[in-house]
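Here's the letter readout for the chains.
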Number of protein chains: 2
Amino acid sequence: MPKRKHQPAPRDTSLSRERIVEAAIQLLDEGGERALTFRALAEHLETGAGAIYWHVANKHDLLTAASDVVVAQALDAGTSARSPAKRLRALAIHMFDAMDAHPWMGSALAQAPGAIPMARLFDRIGAQVRGLAMTPNQEWPVTSALVHYILGVGGQNAANSKMARERGLERSHALTTVADAWQELDSHAFPVATSMARQLKTHDDREDFMAGVDLLIAGVVASADRTAG
Amino acid sequence: MPKRKHQPAPRDTSLSRERIVEAAIQLLDEGGERALTFRALAEHLETGAGAIYWHVANKHDLLTAASDVVVAQALDAGTSARSPAKRLRALAIHMFDAMDAHPWMGSALAQAPGAIPMARLFDRIGAQVRGLAMTPNQEWPVTSALVHYILGVGGQNAANSKMARERGLERSHALTTVADAWQELDSHAFPVATSMARQLKTHDDREDFMAGVDLLIAGVVASADRTAG
DNA sequence: ACCTGAACACCGTTCAAGT
DNA sequence: ACCTGAACACCGTTCAAGT
C-alpha cells in the first residue's frame, strides 16, 4: 500500500488567479463559451470547484479577467505606426483579430461595461483620437463611436464563429448557408437583403471591418475640415 | 349556430407562438434576461413547461422571435423623412430607442447572426444607403458598418441598463459609479481613460450615438465626393 | 394535434469541514 | 490561508403519457 496514494501529486504550480484565468482562456478557446464551467475548470486544474472561488469572485469576474488578458495583449502591439490615423487602424485591426481568435470575448466585453478591459480599450483608442485634429469636445463622442463600432463588429463576428462551430461547419460555409437563406426570403418584404445576399457570401469580414474604421476616420477628418475651414 | 364547448375556466386565447412570444417580451422587459425561463413562462401562460416546445423550437428561437417583433416595430416607424441621410438617422434612432427600451435585445441579436431580425435591419438600412450617392460596391461595407455600429452601441447600452438593474441603481447613478472607478485608475497606465471619466459622467448616450451615425454618414459623403471629384 | 409534468443532465454558488 | 466536495437552488430540454 503505497502511502503516496494519499498524497496529492505534486503540482506544477499552486492554484492562483493567474493560473485559473489562463485555464479559462484555454477552455473558452477550445470549446466556446459553453465549455467554461467551474466543474470543467476544476478538473482541468485538478482541484475542487469551490476552490476556484477563493481566487475569483464569480463567473462574470472570471470572464472579465480573461478578456483583459486578451485585450491587453492585443492593444500592446502595433503602436509604432507613424500617424494617429495609422495607429488607430493598427489598434482596430488588432482588436478585430483578437476577437476573431477568441470569439467568446465579444459577449464577455458586452457584459462588462465599465470594467478594466473596456477602460483599457477606451484609453488606447482615445489616446490616438486626441492626435487627430479636432475640437476637444469631439474627443469623447469620436472615441465612443470607434469603440462601439469595434465591439459591434467583434460581437457579430463572434456570433458567426459560434454559429459555425455549433453546426460543425467551416465558417465560410456557415456564411454561405446564411446567404442562401437570405436569398430565399420574400424579395418583396426584403428587397435589399435578398439582393445583398451575394455580397454576404463573397465579402471579407476583415476588409469590411477596416472599411468601417476608415469611414469613421474620414468622417472625423471631414468634420474637422469643416470646423477649421 | 356554432357549438360552444363548455369550459369551466376558459382562456382568453389558446396557446400559440404569438402569445408565447408576447409573454416572453413581457417577462424580459420586466425582469431582464434572467427572468425568461420556461418555467416562469409556463406559469405566466398557465400551462406546462413542455407545452411551449410545441410552438417554439428552443430558447434561442424564442429570443430571436421576440427580437423580431421589436425590430420590426422599430423599423416600421419614421421612414417618412425627406432624404436618405435623414431616413437613415431616423431608422438609427428608432433602433437605439428600441434597444434602450428592451435591453435584452442587444445580446439576443448578437446571438442570431443571420436570423430574420438581422435581415430586416440590413434590409432597411441598406435601402437608405443605396440612396446615398456612392459606387455600388460601397453599398455593402457601408451598410454593414452602420448595422454593426448600431448593434455595438445597443449592446453596450443594454449592458449599462443591466448593470444598473443588478445593482438596484438608477442608470445615471450606475454610470457615475463607473466614472468614479475610472477616475481612480492609475493615471500613468490609463492616462486618457482617467481624464475622460468626466465625460463618461455627463455624456448623453443618445446624442453620442447619433454623433457616431453622423460621423459614418459624413465619411460616406466625403468618400463619395473624393471618388466623384 | 396539442398539452402535461416528472425526469434527466446539467449549471453557478455556498459552506461546513478539513489541512 | 487555502482547499474539498457535497449540497442547494436552480436551469433547458425531453418524452411517455394523457386529451
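Up top is the structure.
Residues numbered from 1 in each chain as written. Chains lettered and ligands numbered in written order. Predicted model: local features only at pLDDT ≥ 70, side-chain atom pairs only at ≥ 80, totals over all residues. Heavy atoms only, no water.

Student: Teacher, can you tell me more about the pattern of salt bridges here?
Tutor: All names here are of chain A. In the structure shown here, the tally under the stated rule is 18 salt bridges over all chains. Between aspartate 97 and arginine 206 there is a salt bridge, and its shortest N-O distance comes to 2.8 Å. Separated by 109 residues along the polypeptide, aspartate 97 in helix α4 (residues 84-101) and arginine 206 in helix α10 (residues 205-228) bring together distant segments of the chain. In this structure arginine 206 comes out as partly exposed when scored by relative accessible area, which is 38%. The partner of arginine 171 in a salt bridge is aspartate 100, and the shortest N-O contact between them spans 3.7 Å. Taken together, the residues span a long stretch of sequence, with arginine 171 in helix α8 (residues 171-183) and aspartate 100 in helix α4 at a distance of 71 residues. Residue arginine 171 is classed as partly exposed on the basis of its relative accessible area, which comes to 22%. Overall, aspartate 100 belongs to the partly exposed group, its relative accessible area being 33%. Each of Asp100, Arg171 and Asp205 takes part in a single network of salt bridges with overlapping partners. (Salt bridge = Lys/Arg side-chain N within 4 Å of Asp/Glu carboxyl O. Helix = DSSP H or I, 4+ residues; strand = E, 2+ residues; numbered from the N terminus. Buried < 20%, exposed > 50% of the residue type's maximum accessible area, 1.4 Å probe, protein only.)

Student: Help me understand unusual backbone geometry in this model?
Tutor: Peptide bonds are, in most cases, trans, and in most cases residues other than glycine have a negative phi. A positive phi angle is found at glutamate 46 of chain A, which is not glycine, with a value near 55°. Judged by its relative accessible area of 59%, glutamate 46 of chain A is exposed.

Student: What's the story with the protein's contact with DNA strand D in this structure? I'm lost.
Tutor: Every one of the 17 residues lining DNA strand D counts as a neighbour, but Thr47 and His55 of chain A together with Arg39, Tyr53 and Lys59 of chain B are closest to it. Close to the protein, within 4 Å, the atoms of DNA strand D belong to sugar or phosphate groups at a rate of 52%. Between a phosphate oxygen of DNA strand D and a main-chain N or O atom of glycine 48 of chain A, the distance comes to 2.9 Å. A distance of 3.2 Å separates a phosphate oxygen of DNA strand D from a polar backbone atom of phenylalanine 38 of chain B. (Near = heavy atom within 4 Å. Polar contact = N/O pair within 3.5 Å; in protein donor to acceptor, adjacent residues only side chain to side chain.)

Everything listed here is a matter of coordinates, which is why it stays silent on function.
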